[in-house]
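The lines below spell out each chain.
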Amino acid sequence: MWGGRFSARPDEIMQAINVSIDVDKRLWQQDLRGSRAHAAMLAKQGIISFNDAKTIDDGLAKIEDEIQSGVFPFRHEFEDIHMNVEARLRELIGPVAGRLHTARSRNDQVATDFRLWVRDQVDLTLQQLIALQDALVQRAEQYADALMPGFTHLQPAQPVTFGHHLMAYVEMFGRDHSRFADARARMNENPLGSAALAGSPFPIDRFATSEALGFDRPMANSLDGVSARDFALESLSHAAICAGHLSRLAEEIVIWTTPMFGFVKLSDAFSTGSSIMPQKRNPDAAELVRAKTGRITGSLIALTTVMKGLPLAYSKDMQEDKPPVFEAFDALDLALRAMTGMILDLDANTDKMRAAAGAGFSTATDLADWLVRNLNIPFRDAHHITGSAVKLADGKGVDLAQLDLADLQNLEARITEDVYKVLTPEASAASRQSYGGTAPDQVRKQIQSWKDRRL
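All values derive from a computational prediction rather than experimental measurement.

Provide a residue-level description of the overall build of the chain, including the pertinent values.
Tallying secondary structure elements over the chain gives 18 helices and six strands in all. Relative to a compact globule of 455 residues, whose C-alpha radius of gyration would be 23 Å, the chain shows 30 Å and is clearly more extended. Summarising its shape, the C-alpha atoms of the chain cover approximately 100 × 55 × 40 Å along the three principal directions. In the chain, 74% of the contacts between residues at least 6 apart in sequence involve partners at least 24 apart. Surface summary for the chain: the accessible area is close to 21,800 Å², and the carbon and sulfur share equals 53%. Of the side chains in the chain, 50 bear a positive and 60 a negative charge, and the two mean positions are spaced by 2 Å.

Below, the structure written as C-alpha cells:
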C-alpha cells in the first residue's frame, strides 16, 4: 500500500502489532455500505465514470457474496478490513478498483464504518430493551396483586406487590432506552469525506453520501470527523449503566431463587446443576448476567484511557477502539437476551412471598400513619409510639396485628379496634394509592400507561 515510499517490508513484530483484520473484519458490512455509497457519489459528481462506478459496485457485491458464503480470503498482509476489501476488489476487477479510494482516506473510512457499526448495535439494543420491558410488564400484570416484602438495606421494610417491584425495572430500562436513543441521535452524523484530516479538493457531495448511509448530515469539521470517538464512549457509558441495572435484577433473581427465600423458581431452561451435589439448581444465567457488568464497565474504562491524551487528528492508538466496543456490546446483547428469557421463564411462589410480606413488623409504618390520620398525633410522636409497639411485640414473639388492644392502649389510650384494619400486608399495600405507589390499582394504571406508550 505504501510501497512507493518504503523499500523494505515491516519487521514481523511490526506486522504483528499493526495488523487488525482479526478484529475489524466484523466491520465488513459497514465497509461495503460505505464504499458503495462513496463510489455512487463519485460517479454522480463526475469524479469517476459511471462505468467504473458500476464495475466497482459489481465487484463489491461479489465480495459481499464471498464473505457471506465464508470463502473470502481474509489476509494478514493487508492489515485491516479496508485493505482486504480493496485488495480483493483489485483481484476481481483490476486497476479500476484503485479509483474507489479517490477523495477518501482510511481515516474517514474507518470512522464511518465504526460509527455505522455502533449505530447498528444501538438500534439492536433499543429493540432488546423494549422486548425486556414487554416481558417485565407482562409479568407485572400477572402479579399486580401478589404481595411480597419491600426491602431497604435488604431488611423487610413495607409490603409491596411483585408487580410494583417488576415495574420499577420497566422504568429503569426505559431510561436506558432513552439514553441510547439520545446517543443515536448525536452520533448520526457522517465522517465520510473528511479524508485524512483536512477534507478533499475533489468536488464531493457529502450530503449525498450522508443520505445514502442514513446519516442526518455530514460532520461539520474534518478534523473532528476522523478523530471523534465520543459516540463510542457515550454508547459504552450507557451500556455500563444498563449493565448495572441488569446486574441489580440478576442479583435479586439469585436471592429470590435461594431456598431461604424461595420467592421464584427458574425452569431447567435457565438453571444448571452441580457436578457433585445432585440436589442443586443454580441460577447461573442470572449470575453470568451479573458478571457481564465487569466486562462492559471495563470496556468503557479501556476506551476512555485510549482516547484521553490523543491530539487531533487520527492516531494509530485508535485501532484499539474497536475491541472494547465489540466486547461490550457482545456482552450486553447476551445479557439482555438472557434476562428477557429469565423474566418470561420465572414462576413466582406467591404464598411464600405473602408470608414474607408480613414478617419483620413490615406494617409498622401503617400503624404510625394511622396514629397521625386518626388521632392527629405528630408523625415523630407516632413514630415513637410505634417503635414501642414493635419492641413490645418483639418481646412477646408476635406480630403487631397480634398485640392485644389493651397493650396498644397502654402506649396510647385513644387507639381503637379500627387500627387492626391497617395492620395486614394487604391493607398496607392497598393503601399506597399515591401516584407511583404499590397499590394494585396504581400498578395497573402504570401498566396501562406503558401499553399506551407502546401503541
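Any chance you could break down the layout of surface pockets for me, citing the residues and the numbers?
The calculated volume of the second largest pocket comes to roughly 360 Å³. Those elements giving two or more residues to the lining of the second largest pocket turn out to be strand E5 (264-265) and strand E6 (347-348). Considering only residue class, the lining of the second largest pocket consists of six nonpolar, seven polar and five charged.

Which residues make up helix H12 (residues 322-345), and what are the values?
Between the first and last C-alpha of H12 there are 34 Å, a value that for 24 residues agrees with the 34 Å anticipated at 1.5 Å per step. With 18 of its 24 residues buried, H12 lies for the most part within the structure.

Let's hear about unusual backbone geometry: which residues, and what values?
Backbone geometry follows two general trends: most residues other than glycine have a negative phi, and most peptide bonds adopt the trans configuration. Residue Ala313 follows Leu312 across a cis peptide bond; omega there is 10°. Here Ala313 shows up in the loop between helix H11 (284-307) and H12. Phi angles above zero are rare outside glycine, and Ala195 is one such case at about 60°. Residue classification places Ala195 among the buried residues on the basis of a relative accessible area of 9%. A positive phi angle, close to 55°, is found at Phe361, a residue other than glycine. Looking at the element boundaries, Phe361 is found in the loop between helix H13 (350-357) and helix H14 (364-375).

Pulling in residues and values, what's your account of the pattern of salt bridges?
Counted under the stated rule, the structure contains 31 salt bridges. Measuring nitrogen to oxygen at the nearest pair gives 3.0 Å for the salt bridge that ties Arg99 to Asp52. Within this pair, whereas Arg99 is found in the loop between helix H5 (81-93) and helix H6 (106-142), its partner Asp52 is found in helix H4 (residues 50-69), the two being separated by 47 residues in sequence. Owing to a relative accessible area of 44%, Arg99 belongs among the partly exposed residues under this scheme. Three or more residues are tied together by salt bridges with common partners; here these are Glu66, Arg75, Arg88 and Glu91.

Hey, could you go over the pairing of strand E1 (residues 147-152) for me, with residue numbers and the actual values?
A regular strand carries its side chains on alternate faces of the sheet. When E1 meets strand E2 (residues 155-161), the two strands line up antiparallel, connected through six bridges. Across the sheet, residue Met148 finds its bridge partner in E2, namely Val160. Hairpin connection, E1 to E2: the antiparallel pair is bridged by two residues, and His153 has positive phi, about 60°.

Can you explain the nonpolar core? Please cite residues and give values.
In this structure, Phe162, Leu246 and Met339 are the most contacted members of the largest nonpolar core, which totals 96 residues. Considering every element that reaches this core, the biggest residue donor is helix H10 (residues 230-256), with 14 residues. Ignoring anything within four residues of it in the chain, the contact list for Leu246 reads Leu132, Phe173, Val289, Leu332, Ala335, Leu336 and Met339. Counting residues in hydrophobic clusters, the runner-up holds 19 residues, among them Ala382, Leu403, Ile415 and Val422.

A description of H11 should follow, citing residues and the corresponding values.
Here H11 contains 24 residues, and its C-alpha end-to-end distance of 35 Å stays within 8% of the 34 Å for a straight helix at 1.5 Å per residue. By the burial criterion, the buried members of H11 are Ala285, Ala286, Val289, Thr293, Ile296, Ser299, Leu300, Leu303 and Met307. Packing partners of the buried residues in H11 comprise helix H9 (222-227), H10 and H12.

An account of the environment of Ala135 is needed here, citing residue identities and associated values.
Secondary-structure assignment places Ala135 in helix H6. Residue Ala135 is classed as buried on the basis of its relative accessible area of 3%. Apart from the residues within four sequence positions on either side, Ala135 is in contact with Thr340, Ile343 and Leu344.

Got a sec to walk through the packing of aromatic side chains? Specific residues and values, please.
Under the defined criterion, the tally for this structure stands at 10 aromatic pairs. With 6.5 Å between their ring centres and 85° between their planes, Phe114 and Phe326 make a pair best called edge-to-face. One end of the pair, Phe114, is in helix H6; the other, Phe326, is in helix H12, with 212 residues separating them in the sequence. Where Phe151 meets Phe261, the ring centres are 6.1 Å apart and the plane angle is 50°; that geometry is what we call tilted. Separated by 110 residues along the polypeptide, Phe151 in strand E1 and Phe261 in the loop between H10 and E5 bring together distant segments of the chain. Of note, Lys25 hangs over the ring of Phe74, and the distance from its end group to the ring centre comes to 5.4 Å. Its end group placed over the ring of Phe114, Lys322 keeps NZ or CZ at 5.4 Å from the ring centre.

Cut-offs applied
Residues numbered from 1 in each chain as written. Predicted model: local features only at pLDDT ≥ 70, side-chain atom pairs only at ≥ 80, totals over all residues. Heavy atoms only, no water. Helix = DSSP H or I, 4+ residues; strand = E, 2+ residues; numbered from the N terminus. Rg over C-alpha atoms; globule rule 2.2 N^0.38 Å. Contact = heavy atoms within 4.5 Å. Areas by Shrake-Rupley, 256 points an atom, 1.4 Å probe, with all protein chains shown as cover. Lys, Arg positive; Asp, Glu negative; His and termini not counted. Charge placed at Lys NZ, Arg CZ, Asp CG, Glu CD. 1 Å grid on protein atoms, 1.4 Å probe; cavity = no way out; pocket = protein on both sides within 12 Å on 5 of 7 lines; lining within 4 Å. Points joined across faces, edges and corners; volume = space filled by probe spheres on them. Nonpolar A, V, L, I, M, F, W, Y, C, P; charged D, E, K, R; others polar. Expected span 1.5 Å × (residues − 1). Buried < 20%, exposed > 50% of the residue type's maximum accessible area, 1.4 Å probe, protein only. Salt bridge = Lys/Arg side-chain N within 4 Å of Asp/Glu carboxyl O. Pairing = 2+ DSSP bridges. Core = buried A, V, L, I, M, F, W, Y, C linked by side-chain atoms within 4.5 Å. Phe/Tyr/Trp six-rings, centres within 6.5 Å; stacked < 30°, edge-to-face > 60°. Lys NZ or Arg CZ within 6 Å of the ring centre and 35° of its normal.

Read these as layout, nothing more, since geometry by itself doesn't imply function.
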